[in-house]
Amino acid sequence: MRLWEKNIRSVEPYVPGEQPNFPDMIKLNTNENPYPPAPKVKQLLQEFSYDILRRYPDPAASELVCALAKYYKVKPSQIFVGVGSDDVLAMAFLTFFHSKRPIFFPDLTYSFYEVWAQLFEIPYQKKKLDSQFQIVMQDYFSPNGGIVLANPNAPTSIAKEIDFIEEIIKKNQESVVIVDEAYVDFGAVSSIPLLERYDNLLVVQTFSKSRSMAGMRIGFAIGSERLIEALNQVKYSFNSYTMNPFSIKIGTEVLKEDTYFKECIQKVIATRERVKERVKELGFLCPDSKTNFLFLKHTKWQAKELFEALRKQHIFVRYFEKERIENYLRVTIGTEQEMDVFLDFLQKYNKVI
Ligand SMILES: *Cc1c(COP(=O)(O)O)cnc(C)c1O
């Protein structure tokens, strides 16, 4: 092997859910929202002049930053935006996790955390969730270089209450604590109110799931002015024109469509609760979900076999070949009709197997 080959950075990348494209498919594998973005978005897309592309976008995305500040009742200097929350989280890892001490996150959580820790050579320790997939609070009380928690957690779908999160932050005021709230709008409680008391807290959210805009790539963080300033410094040492002008404008306008947003969420939640009851009748175990997906384990069936059988019918769900969860499926909540097809399949599978 030549020296340059040895010097290539090797990382094990994150594996996203597949993006198949069949006209008849039912896609329940990447937690996308089944409902379209607010109608206003369609109108805006038609109104854009293509001349907008000639110029660089606003590097600070000020319009979107101000709209988010107004929506969440914080100062614009407390908001950082990025190209999806993956971009925001990666920037936050790079900015805040610069200690010799390990950062902590659960063993079962969003698998990108481990990828970024490896990529940025951040020491880390995975803390084991208990047998019910709950976070063990005391595990996060020893000295560390930072903490990352997804709340609700993925792929388990379980949310912790705000007091629980606060206790972890309170005991870790020498570290930055990142709370990834990608699914919070589907019924969990946000940690945003804690920002008043803790300047070491960074809350990260996204337009991808609850706002039906995964393709637009909009994510953001809310934190103390000191944290946001540090994030901006790293961002501007890296790439200053990250957000395209369409995302900035559409993201800004979509925040004004709150009624539509809340209606879509209520529909997803109602479908989730109905499907949860049905799958339990069919022999599945499933934790109480506060997300737009269910984390399912059947009392008899093998997850991998069921996954393959569903796939043959072009019903796509997520299967993780991973220790402790190798017999689980993560199923995104689709429309009522899509979930009926999914449930019908399970009903028939029940008879065959
Ligand atoms: C989907 C997801 C993200 C990232 O979403 P973006 O599309 O990059 O905004 C971050 N964290 C968790 C836990 C997710 O499920």
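Above this text is the structure in question.
Predicted, not measured: the structure shown is a model, and the values here were computed from it.

About the cut-offs
- Residues numbered from 1 in each chain as written.
- Predicted model: local features only at pLDDT ≥ 70, side-chain atom pairs only at ≥ 80, totals over all residues.
- Heavy atoms only, no water.
- Phe/Tyr/Trp six-rings, centres within 6.5 Å; stacked < 30°, edge-to-face > 60°.
- Helix = DSSP H or I, 4+ residues; strand = E, 2+ residues; numbered from the N terminus.
- Buried < 20%, exposed > 50% of the residue type's maximum accessible area, 1.4 Å probe, protein only.
- Near = heavy atom within 4 Å.
- Polar contact = N/O pair within 3.5 Å; in protein donor to acceptor, adjacent residues only side chain to side chain.
- Salt bridge = Lys/Arg side-chain N within 4 Å of Asp/Glu carboxyl O.
- Pairing = 2+ DSSP bridges.
- Right-handed = clockwise from strand over helix to strand, strands pointing away.
- Core = buried A, V, L, I, M, F, W, Y, C linked by side-chain atoms within 4.5 Å.
- Contact = heavy atoms within 4.5 Å.

Student: Give a detailed account of the packing of aromatic side chains, specifying residues and quantitative values.
Tutor: One pass over the structure, following the stated rule, counts 26 aromatic pairs. A ring pair is formed by Phe104 and Tyr140, whose centres lie 6.3 Å apart and whose planes are at 70 degrees; its orientation type is edge-to-face. Remark: Tyr140 occurs in the loop between strand E4 (124–127) and strand E5 (146–150) and Phe104 occurs in strand E3 (residues 103–106); sequence separation between them is 36 residues. No difference in accessibility class separates Phe104 from Tyr140, as the two residues are buried.

Student: So what's going on with the site of the ligand? Residues and values would help.
Tutor: Residues in contact with the ligand, as listed here, are Gly84, Ser85, Asp86, Leu89, Tyr110, Asp180, Ala182, Tyr183, Thr206, Ser208, Lys209 and Arg217. Take Tyr183: an N or O atom from its side chain is 2.6 Å from an oxygen atom of the ligand. Contact between the ligand and Arg217: an oxygen atom at 2.7 Å from a side-chain N or O atom of the residue.

Student: Provide a residue-level description of the pattern of salt bridges, including the pertinent values.
Tutor: Evaluation of the coordinates by the stated rule reveals 23 salt bridges. Across the pair Glu273 and Arg272 runs a salt bridge whose closest N-O atoms are separated by 2.9 Å. A residue is classified by how much of its surface remains accessible, and Glu273, at 30% relative accessible area, is partly exposed. A salt bridge links Glu336 to Arg274; the nearest nitrogen and oxygen atoms lie 3.1 Å apart. With Glu336 in helix H11 (residues 336–352) and Arg274 in helix H9 (residues 258–281), this residue pair connects regions lying 62 residues apart in the sequence. Under the relative-accessibility criterion, Arg274 is labelled partly exposed at 29%. Salt bridges linked by common partners bring Lys40, Glu63, Lys249, Glu253 and Lys256 together as one network.

Student: I'd like to hear about the pairing of strand E6 (residues 177–180), residue by residue, with values.
Tutor: A two-sided burial pattern is seen for E6, the buried positions comprising Val177 and Val179 on one face and Ile178 and Asp180 on the other. Bridge count for E5 against E6 is 4 bridges, and the pairing is parallel. Across the sheet, residue Ala150 finds its bridge partner in E6, namely Asp180. A crossover links E5 with its parallel partner E6, the connecting element being helix H6 (residues 162–170), and its sense is right-handed. Pairing between E6 and strand E7 (residues 201–206): 4 bridges, direction parallel. Among the inter-strand pairings, Ile178 is bridged to a residue of E7, identified as Leu202.

Student: Lay out the nonpolar core with the relevant residues and their values.
Tutor: Membership of the largest hydrophobic core comes to 50 residues, with the highest contact counts inside it found for Leu68, Val81 and Phe207. Top element by residues in this core is helix H3 (residues 62–72). It accounts for 6 residues. When residues no more than four places from it in sequence are discounted, the contact partners of Leu68 are Ile79, Val81, Phe207, Phe220 and Leu255. Residues Ile265, Ala303, Phe307 and Phe345 belong to the second largest nonpolar core, which totals 38 residues.

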